[in-house]
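# Remarks on the overall topology
Spelled out from the first residue to the last, the chains are:
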Amino acid sequence: MLNFTSDGMNQNRAAMDSTNFGVRNTENEPQSLASKYTINPFCDNISISVIHFLNDNAQNEPSNIYDQVIQEVEKSLFVRILKYVSGNQTKAARIMGINRGTLRKKLKKYGISG
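Residues numbered from 1 in each chain as written. Predicted model: local features only at pLDDT ≥ 70, side-chain atom pairs only at ≥ 80, totals over all residues. Heavy atoms only, no water.

### Details of the overall build of the chain
Applicable threshold: A run of DSSP states H or I qualifies as a helix once it reaches four residues; a run of E qualifies as a strand once it reaches two. Both are numbered from the N-terminal end. Only heavy atoms enter the contact rule, under which two residues are in contact if any of them lie within 4.5 Å. Each accessible area value is a Shrake-Rupley result obtained with a 1.4 Å probe; residue values ignore everything except the protein chains displayed when judging cover.
Check the secondary structure of the chain and you find 6 helices and 0 strands. Element order for the chain, N to C, with α for helix and β for strand: α-α-α-α-α-α. For the chain, long-range pairs separated by at least 24 residues make up 56% of all intrachain contacts whose partners lie at least 6 apart in sequence. Element-wise, carbon and sulfur atoms account for 49% of the exposed surface of the chain, whose accessible area totals about 8,400 Å².

Written as structure tokens, this is what we have:
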């Protein structure tokens, strides 16, 4: 499974800069070009996790990575939002822009108590 954490953002950015995954040194480029290569901070942890996952599995071609990423992100999102709203599923569903029934179904799927 992939591992997503919220700590060490500066370390994650440094790790991204030290790899050859489309990140460029943009100090001397015009702002329009620099912004083209800037990673969205919201996605830093996901990008780092995917890079590590691919590097760790370089010997074998990974499969089903899309489903793994979606499930891990979804599960983490539900846990964090429910904590934010003190377990109120109606508020959680509204914040996420989904139906409360959909939320309840997903919570059951991931074994999360609301």
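### Regarding the packing of helix H4 (residues 65-84) against helix H5 (residues 89-96)
Let me state the cut-off plainly: To obtain an axis, a line is fitted to C-alpha atoms, over the contacting stretch when the element is a helix, and the angle between two such axes runs from 0 to 180 degrees between their N-to-C directions. The cut-offs work like this: below 35 degrees is roughly parallel, past 145 is roughly antiparallel, 65 to 115 is roughly perpendicular, and the gaps in between are oblique. Helix crossings are classified by the rotation of the near helix relative to the far one: an anticlockwise turn of less than a right angle makes the crossing left-handed, while a clockwise turn makes it right-handed. Gly counts as polar in this scheme, as do all residues outside two lists: the nonpolar Ala, Val, Leu, Ile, Met, Phe, Trp, Tyr, Cys and Pro, and the charged Asp, Glu, Lys and Arg.
Across the interface, H4 lies against H5 with an axial gap of 9 Å and an inter-helix angle of 125 degrees. Comparing the axis directions of H4 and H5 gives the class oblique. Helix-helix and strand crossings are classified by hand; for H4 and H5 the assignment is right-handed. Side by side, H4 and H5 meet where Leu 77, Phe 78, Ile 81, Leu 82 and Tyr 84 of the first sit next to Gln 89, Ala 92, Ile 95 and Met 96 of the second. Partitioned by chemical class, the residues of the contact of H4 with H5 number 8 nonpolar, 1 polar and no charged.

### Details of the packing of H5 against helix H6 (residues 100-110)
The interhelical angle for the contact between H5 and H6, taken along N-to-C directions, is 105 degrees, at an axis separation of 9 Å. As the angle between them shows, H5 and H6 are arranged roughly perpendicular. Residues Gln 89, Thr 90, Ala 92, Ala 93 and Met 96 of H5 form the contact with H6, whose participating residues are Arg 100, Leu 103, Arg 104 and Leu 107. Grouping the amino acids of the contact of H5 with H6 by side-chain chemistry returns 5 nonpolar, 2 polar and 2 charged.

### A short note on unusual backbone geometry
One non-glycine residue, Asn 64, lies in positive phi territory at about 65 degrees. Mapped onto the fold, Asn 64 is located in the loop between helix H3 (44-56) and H4. The backbone of Ser 86 shows a phi angle near 55 degrees, a positive value even though the residue is not glycine. Within the secondary structure layout, Ser 86 lies in the loop between H4 and H5.

### Remarks on the pattern of salt bridges
Using the following cut-off: Here, a salt bridge means any side-chain nitrogen of Lys or Arg that lies within 4 Å of a carboxyl oxygen of Asp or Glu. Three labels apply to residues, based on accessible area from a 1.4 Å probe with only protein chains included: buried if under 20% of the type maximum, exposed if over 50%, partly exposed otherwise in between.
All chains considered together, the criterion is met by 1 salt bridge. Among the salt bridges present, the one from Glu 74 reaches Lys 106, with a minimum N-O distance of 3.0 Å. Of this pair, Glu 74 sits in helix H4 while Lys 106 sits in helix H6, and the two are 32 residues apart along the sequence. For Lys 106, a relative accessible area of 22% corresponds to the partly exposed category.

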